[in-house]
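If you want the building blocks of each chain, they are given just below.
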Amino acid sequence: MERRKFDVAIIGAGGAGMRAALQLSSAGYKVAVLSKVFPTRSHTVAAQGGITAALGNVTEDNWLWHMYDTVKGSDYLGDQDAIEYMCRMGPQVVYEMEHFGLPFSRLENGKIYQRPFGGQSRNFGGDQAARTCAAADRTGHAMLHTLYQRNIQAKTHFFVEFLAIDLVRDAEGRALGVVALDMERGEPLLVEARATLLATGGAGRIFQASTNAFINTGDGLGMASRAGIPLEDMEFWQFHPTGVMGAGVLISEGVRGEGGYLVNGAGERFMERYAPHARDLAGRDVVARAIAIEIHEGRGCGSRKDHVLLKLDHIGKDEILDKLPGIREIALKFAHVDPLEAPIPVVPTAHYMMGGIPTHYRGQVVVPARTGPEEAVPGLYAIGECACVSVHGANRLGGNSLLDLLVFGQAAAEHIVEFLKENPTSPPIPREGPDLALARLARWERREGTERVADVYRDMQGIMQSHCGVFRRAEVLEEGIAKLEEARQRLDRAAIGDHSKVFNTARVEALELENLMEVAFATIRSAAARTESRGAHARDDYPERDDRNWLKHTLAHRDGTIDYKPVRLKPLTVSSFPPKTRTY
Amino acid sequence: MRFSIYRFDPDADASPHMKDYELALEAGDMMLLDALILIKAQDDSLSLRKSCREGVCGSDAMNINGKNGLACITPLSSLKEPIELRPLPGLPVIRDLVVDMEPFFKQYRSIKPYLINNDPPPETERLQSPQERAELDGLYECILCACCTTSCPSFWWNPEKFVGPAGLLQAWRFIADTRDQATSERLDDLEDPYRLFRCHGIMNCVDACPKGLNPTEAIGKIKGMMVRRTV
Ligand SMILES: Cc1cc2nc3c(=O)[nH]c(=O)nc-3n(C[C@H](O)[C@H](O)[C@H](O)COP(=O)(O)OP(=O)(O)OC[C@H]3O[C@@H](n4cnc5c(N)ncnc54)[C@H](O)[C@@H]3O)c2cc1C
Ligand code: SF4
Ligand code: SF4
Ligand code: FES
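Rules used in this analysis
Residues numbered from 1 in each chain as written. Chains lettered and ligands numbered in written order. Predicted model: local features only at pLDDT ≥ 70, side-chain atom pairs only at ≥ 80, totals over all residues. Heavy atoms only, no water. Domains from an automatic or database assignment. Contact = heavy atoms within 4.5 Å. Salt bridge = Lys/Arg side-chain N within 4 Å of Asp/Glu carboxyl O. Polar contact = N/O pair within 3.5 Å; in protein donor to acceptor, adjacent residues only side chain to side chain. Helix = DSSP H or I, 4+ residues; strand = E, 2+ residues; numbered from the N terminus. Near = heavy atom within 4 Å. Nonpolar A, V, L, I, M, F, W, Y, C, P; charged D, E, K, R; others polar. Pairing = 2+ DSSP bridges. Axes fitted to C-alpha atoms, helices over the stretch in contact; angles between N-to-C directions. Buried < 20%, exposed > 50% of the residue type's maximum accessible area, 1.4 Å probe, protein only.

Draft legend 1. Representation of the domain arrangement of chain B within the structure. Residues and elements named next belong to chain B. Domain annotation for chain B reports domain 1 (2-98) and domain 2 (102-230). Here domain 1 and domain 2 have C-alpha centroids that lie 29 Å from each other. Of the residues lining the interface, 15 residues belong to domain 1; the matching set on domain 2 comes to 15 residues. At the surface where domain 1 touches domain 2, the tally comes to 0 salt bridges. Summed over the shared surface of domain 1 and domain 2, the result is 4 residue pairs in polar contact (both at pLDDT 80 or more). Of all the elements, strand β4 (residues 67-70) adds the most residues to the side of domain 1 that touches domain 2, at 4 residues.

Shown next as structure tokens:
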């Protein structure tokens, strides 16, 4: 097998991976960034509404208020040390992106434009704040392209269209690199590195209806899980209130930030009933549940009463064309309505994975081991949507993910620099190091099979959609687990028809489905175990939050066992925000 | 619906051929990419790139009934049957609808697509008025799909030397940015019989861009600036 040697291997060229890469390349380290798609095709490109940081350009602001909102938004499951760090660093990383060239929209005084987003307040729960920095409604695109451009300048080494298969570790558990498949040639490549960083993004494709790209298949989580690392808080999936009915494509919360609002079949602005103060800008979990209830209780819109409407024409043509041009494009193409004139039909749609690979606030992966629940894995890091730091807890606030990518991309890079200094050499790769990865590749060479990957893929998505959606209950979850087990057995019996070496996407999709299965199991098992409702995890049979028993993080192991660890309620320097009832 | 799709697997085929497919469905609201996914579920050996399925990542550019476009935002109902699909023209084919984009990206990288500003950064943001920022609209939105560049005859003949419409659009994006200080170096770099001046204003690029961007206009502005600085 071909081998290459680098100081750091970064898997993923989204916002998180490229922010970290930029830092390390600029510091003179030899960095390999592997991505299964060309960097600017990563899903960060689809982020619309913006990045949240307390710049105070529009309304008076303070990072501590941002921290309060984030802790409350997380339904108190977020780790307050990490949340403090993120909110405090916010302005700095956003200014830095501006200096890198990100074309932010501007205010009349030339400063960065900021818009209101859900769950944002001034003065610890007071008036609405405008905290989300935006480049029209294409902030992710602008950010991802800017980061790629700076990495070109910094001469980062990209391995484009290389699919990472599995981590390579030694007997002590230290990460030594990764085995990847060169998709164009169909050959494996062993990338040796003194530090390995996972930045593989989300896994929204476990659900049938999702705002996520086809590539969001949780590969990093699959790799971590197969390496014996448990996955944290996987029951917490954000359903975005406004996905285009049918297509699933996202309509940004920025629309409601700019003054848009939801109406039901009776033409009622129903969020006034659910969140009298914040209304359409309440936390996403709150708004998504409200829509689900309206539809469930027969107050939906259309002949089938299966959606609600997002009205924005009153914002005015000039504002829409200036601030929401991408949204108009999407509505025209995927909903066949022109939002200048008519409302957009929307439904809650799976959107963001709050859980992921457990890390501390400087990006290093931590696992329960000899010394306690959070022992660091030497040489292994995770950032971005694939990681669980955890800053989003049980519910992420809009605009906080792009922030998380930059802050923890930078923090992990800094920690890696320290680690590299302390570890000038790495132990040799044991002979059997790549075996796990090679076995996975060999498995799909098998030509006989009674099942088709596409069928199992579709069924897995259907199971998760109907058994682990916005509202959950014990029987439905248990039935889902049994069905998922069947689907997994079918996947074992599947074969692909394409055995070409060259750009074999059938093989890629089969390998991706294996990762999705890991994610789906961790999700539904964690959801069945948590007998309370918190943030995005809503149990019909346990409708209340239960801090006495459940103020803790879930850790789902691959063998089906589940552990828990305490929430870090103590921030780094300020005083803690103790849990209280959450209303908007 | 009937499809005729370019197939070539260098591992198995001596030469490329067109293969016919049929799907029993009504176009309805479906996009071309949805149909390709159904075809791939029947025949998993068909290779194509795809990701965002909403026209923002630039993965699934291909030649659709003779015109370059993105499969994910091309409504099936807009297409005449049989729908003929080929890889983007002018780039080496890796397999089926997957082309080697490196010649395209190489030209993109050659224009130094990053902000150059040698002043020490201020404590907060650099200021830019909304009017100055508006100069970047219609430029920064490029998704690097290559629909334009691979429809440009000048690029077909000189892929090594002519930057092509996408690269030139980005060159102008940085020249037009009030925060960038490298205008004259950027113009020097393009002052060359090939890099910029192979563009003959044929406008294929404008017609091909699925994001409605206008590389020809940007090229015109660069040329105008060059003329102005010599007089
Ligand atoms: C439609 C949409 C809109 C959003 N809008 C906002 C917003 O306005 N504000 C906000 O804060 N958040 C938003 N989010 C969330 C946010 O965009 C994502 O959480 C974030 O961009 C994820 O970034 P990432 O760097 O972790 O991963 P990604 O950008 O998804 O990148 C993952 C990278 O990993 C690579 N990769 C994955 N698996 C492998 C493998 N096996 N081998 C090699 N490479 C691999 C991919 O190629 C890719 O480069 C939005 C999300 C969606 C879906
Ligand atoms: S206008 Fe110029 S760049 Fe565009 S297609 Fe014609 S020759 Fe090519
Ligand atoms: S200018 Fe348009 S066609 Fe050309 S690469 Fe950019 S988005 Fe694609
Ligand atoms: S799949 Fe992203 S542009 Fe079509």
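Draft legend 2. Representation of the site of ligand 2. All names here are of chain B. Close to ligand 2 lie C152, S154, P165, C199, H200, G201, I202, M203, N204, C205, T216 and I219, which account for all nearby residues. Broken down by secondary-structure element, the contributors of at least two residues to the shell around ligand 2 are α7 (204-208) and α8 (215-230). Here the residues of the shell around ligand 2 are counted per class, giving 7 nonpolar, 5 polar and no charged.

Draft legend 3. Highlighting the sheet that holds strand β10 (residues 231-232) of chain A. Residue and element names in this part refer to chain A. Read from one edge to the other, the open sheet built from 3 strands follows the order β10-β23-β24, with strand pairing classed as antiparallel. The sheet is open, and its two borders are formed by β10 and β24 (562-566), each paired with just one other strand. Two elements, strand β23 (residues 552-556) and β24, share 5 bridges in a ladder whose sense is antiparallel. Looking at the pairing, H553 lines up with K565 of β24. Lying on the sheet, helix α15 (residues 505-529) is in contact with β10, β23 and β24; it crosses β24 at an angle near 70°.

Draft legend 4. Region of interest: the environment of A:W237. All names here are of chain A. Checked against the element boundaries, W237 lands in strand β11 (residues 237-244). Residue classification places W237 among the buried positions, given a relative accessible area of 0%. On a C-alpha basis, the gap between W237 and I562 in space is 18 Å, while along the polypeptide they are 325 residues apart. Leaving out residues up to four positions away in the same chain, W237 has contacts with A203, G204, I206, F207, Y352, M353, M354, R472, V519, T523 and A536. In this structure the side chain of W237 is engaged in a polar contact, spanning 3.2 Å, whose partner is the backbone oxygen of M234. Among the polar contacts made by the side chain of W237, one reaches the side chain of T523 at a distance of 3.2 Å.

Draft legend 5. Broad picture of the pattern of salt bridges. Per the stated rule, a full pass over the model turns up 79 salt bridges over all chains. A:R226 is the partner of A:D166 in a salt bridge, and the nearest nitrogen-oxygen pair spans 3.0 Å. On the criterion of sequence distance, the pair formed by A:D166 in strand β7 (residues 162-169) and A:R226 in helix α5 (residues 219-226) is long-range, its members being 60 residues apart. One exposure class covers both A:D166 and A:R226, and it is buried. B:R229 is the partner of B:E191 in a salt bridge, and the nearest nitrogen-oxygen pair spans 3.0 Å. Of this pair, B:E191 sits in the loop between α6 (183-190) and α7 while B:R229 sits in helix α8, placing them 38 residues apart in sequence. Through salt bridges with shared partners, one network takes in A:D75, A:E235, A:D285, A:R289, A:R530, A:E532, A:R534, A:R545, A:D547 and A:R582.

Draft legend 6. Layout of the sheet that holds strand β3 (residues 51-52) of chain A. Residue and element names in this part refer to chain A. Taken in spatial order, the 3 strands make up an open sheet running β3-β5-β4, and their pairing is antiparallel. Sheet topology places β3 and β4 (114-121) at the edges, where each strand pairs with a single neighbour. Here 2 bridges tie β3 to strand β5 (residues 128-133), and the two strands are oriented antiparallel to one another. From the neighbouring strand, I51 faces β5, where its bridge partner is C133.

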